[in-house]
Amino acid sequence: LDRLPFHAPPFLKPSSPRTQTVNHSKAAWIFFGKNPLSQPLKGRAEHTDAIEHSGTWHIQLHGSKIWTLRPTAELIKKNKALKSIERIRVHCKPGDVLCVNTRLWWHQ
């Protein structure tokens, strides 16, 4: 991953010795898809991922994808302010980067 043309943005880097460090995987997953239909594809059902790192980076190269996110009970325990969030819709277009911990957020 060190050879990719981007680095962790400053807001993900520890700002003090007490700040928890960000843990990234050494893997790069690439998904390709083609939609020959005139309507959006449904995608996978809502799920979380069994990851052991701080999150995943999703780079939209072409087309668009709408992510539906909601916090898990574990995440709400860590941040009570998230209790009022039911669902968040994020529309990614070419050039957008979404960084999300897919273990702590239900996503579809």
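Note that the structure is a prediction, hence the values are computed from the model and not measured.

The rules behind the values
Residues numbered from 1 in each chain as written. Predicted model: local features only at pLDDT ≥ 70, side-chain atom pairs only at ≥ 80, totals over all residues. Heavy atoms only, no water. Salt bridge = Lys/Arg side-chain N within 4 Å of Asp/Glu carboxyl O. Helix = DSSP H or I, 4+ residues; strand = E, 2+ residues; numbered from the N terminus. Buried < 20%, exposed > 50% of the residue type's maximum accessible area, 1.4 Å probe, protein only. Phe/Tyr/Trp six-rings, centres within 6.5 Å; stacked < 30°, edge-to-face > 60°. Lys NZ or Arg CZ within 6 Å of the ring centre and 35° of its normal. Patch = residues over 30% accessible without salt bridge, like charges linked within 9 Å, V, L, I, M, F, W, Y side chains within 5 Å. Areas by Shrake-Rupley, 256 points an atom, 1.4 Å probe, with all protein chains shown as cover. Pairing = 2+ DSSP bridges. Axes fitted to C-alpha atoms, helices over the stretch in contact; angles between N-to-C directions.

Chemist: An account of the pattern of salt bridges is needed here, citing residue identities and associated values.
Modeler: Per the counting criterion, the structure on display carries four salt bridges. The partner of E46 in a salt bridge is R70, with the nearest N and O atoms 2.9 Å apart. Of this pair, E46 sits in the segment before β1 (56-59) while R70 sits in strand β2 (residues 65-71), and the two are 24 residues apart along the sequence. Accessibility expressed as a relative area gives 24% for R70, which makes it partly exposed. A salt bridge links E46 to R87; the shortest N-O distance between them is 3.6 Å. One end of the pair, E46, is in the segment before β1; the other, R87, is in the loop between α1 (73-78) and β3 (88-92), with 41 residues separating them in the sequence. Owing to a relative accessible area of 25%, E46 belongs among the partly exposed residues under this scheme. Connected through salt bridges with shared partners, the residues E46, R70 and R87 form a single ionic network.

Chemist: If you had to explain the packing of aromatic side chains to someone new, which residues and values would you point to?
Modeler: Counted by the stated rule, this structure contains zero aromatic pairs. When the ring centre of W67 is taken as reference, the NZ or CZ atom of K65 above it lies at 4.6 Å.

Chemist: A description of the environment of H62 should follow, citing residues and the corresponding values.
Modeler: Here H62 is to be found in the loop between β1 and β2. Put simply, H62 and G33 are 29 residues apart on the chain and 10.0 Å apart in space, counted from C-alpha to C-alpha.

Chemist: Help me get a handle on a nonpolar patch on the surface, residues and values and all.
Modeler: A cluster of nonpolar residues, I59, L61 and V97, forms a patch on the protein surface that exposes about 310 Å² of accessible area. Within the secondary structure, V97 sits in strand β4 (residues 97-100).

Chemist: An account of the sheet that holds β3 is needed here, citing residue identities and associated values.
Modeler: Strand order across the open sheet formed by three strands is β3-β2-β5, with antiparallel pairing between neighbours. The strands lining the two open edges of the sheet, one partner per strand, are β3 and β5 (105-107). Taken pair by pair, the neighbouring strands of this sheet meet at an average axis angle of 30°, ignoring direction. Here five bridges tie β2 to β3, and the two strands are oriented antiparallel to one another. Each bridged residue has a counterpart across the sheet, and for W67 the counterpart in β3 is V90.

Chemist: Mind laying out the pairing of β4, listing which residues take part and the relevant values?
Modeler: Burial along β4 is one-sided: the face carrying L98 and V100 is buried and the face carrying V97 and C99 is not. In this structure, β1 lies alongside β4, joined through four bridges in antiparallel fashion. Within β4, the position partnered with T56 by the bridge is V100.

Chemist: Quick rundown of the environment of G95? Include the residues and the values.
Modeler: Tracing the backbone shows G95 in the loop between β3 and β4. In the structure, G95 is positioned 35 residues away from Q60 in sequence and 5.7 Å away in space, judged by C-alpha atoms.

Chemist: Break down the pairing of β2 for me, citing the residues and quoting the values.
Modeler: In this structure, β2 lies alongside β5, joined through three bridges in antiparallel fashion. The residue bridging L69 from the neighbouring strand is H107, located in β5.

Any link to function would need more than the numbers given here.
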